[in-house]
Amino acid sequence: MGATTIGALIGAGIDSMSGDDGNADGAIIGAITANVLKIVIPLAVTYAVGWAVLRGATELKDQVFGEAEA
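Since this is a predicted model, take the numbers as computed values, not measurements.

A.B. asks: Help me understand the pattern of salt bridges in this model?
C.D. replies: Side chains carrying opposite charge are able to pair once their charged atoms draw close together. One pass over the full model with this rule turns up one salt bridge. A salt bridge links Asp62 to Lys61, with the nearest nitrogen and oxygen atoms 3.5 Å apart.

Below, the structure written as structure tokens:
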């Protein structure tokens, strides 16, 4: 099952617990959320890894050449 389908099922399940109306709008919101998360999570992980590498490179440079005076 794809992430969109799972998101729709979870959204419909959560929406049906409220009991006020049908669960179609919950399925739509769940599917949209799943698709957004498929993009946002990899971007956040890539940013975090890039930041950690840049931070590590700066620390290594400071150890090798000494700290730069600002």
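A.B. asks: Before we go on, may I ask you to explain helix 2 (residues 24–65) in this structure?
C.D. replies: Note that an α-helix has 3.6 residues per turn; residues three or four places apart therefore point the same way. The terminal C-alpha atoms of helix 2, which comprises 42 residues, lie 61 Å apart, in line with the 62 Å expected from a rise of 1.5 Å per residue. Its maximal kink placed at Leu37, helix 2 deviates by approximately 25°. Within helix 2 the residues assigned to the buried category are Gly26, Gly30, Ala31, Ala34 and Asp62. Those residues of helix 2 hidden inside the fold are in contact with helix 1 (3–18). Phi turns positive, to about 85°, at Gly66, one or two residues after helix 2.

A.B. asks: Whenever I open this one, the packing of helix 1 against helix 2 confuses me. Can you help?
C.D. replies: Helix packing for two helices is described by the angle between their axes and how far apart those axes are. Relative orientation of the contacting elements helix 1 and helix 2 amounts to 140°, with a least axis distance of 6 Å. In this view, helix 1 runs oblique relative to helix 2, as classed from their interaxial angle. Helix 2 is crossed by helix 1, and the crossing has right-handed handedness. Residue-level inspection shows Ala3, Thr4, Gly7, Ala8, Gly11, Ala12 and Asp15 of helix 1 in contact with helix 2, the latter providing Asp25, Gly26, Ala27, Gly30, Ala31, Ala34, Asn35 and Lys38. Taken together, the residues of the contact of helix 1 with helix 2 sort by class into six nonpolar, six polar and three charged.

Rules of the game
Residues numbered from 1 in each chain as written. Predicted model: local features only at pLDDT ≥ 70, side-chain atom pairs only at ≥ 80, totals over all residues. Heavy atoms only, no water. Salt bridge = Lys/Arg side-chain N within 4 Å of Asp/Glu carboxyl O. Helix = DSSP H or I, 4+ residues; strand = E, 2+ residues; numbered from the N terminus. Expected span 1.5 Å × (residues − 1). Bend = angle between axes of the 7 residues up to and from the residue. Buried < 20%, exposed > 50% of the residue type's maximum accessible area, 1.4 Å probe, protein only. Contact = heavy atoms within 4.5 Å. Axes fitted to C-alpha atoms, helices over the stretch in contact; angles between N-to-C directions. Parallel < 35°, antiparallel > 145°, perpendicular 65-115°, else oblique. Left-handed = near helix turned anticlockwise from the far one by under 90°. Nonpolar A, V, L, I, M, F, W, Y, C, P; charged D, E, K, R; others polar.

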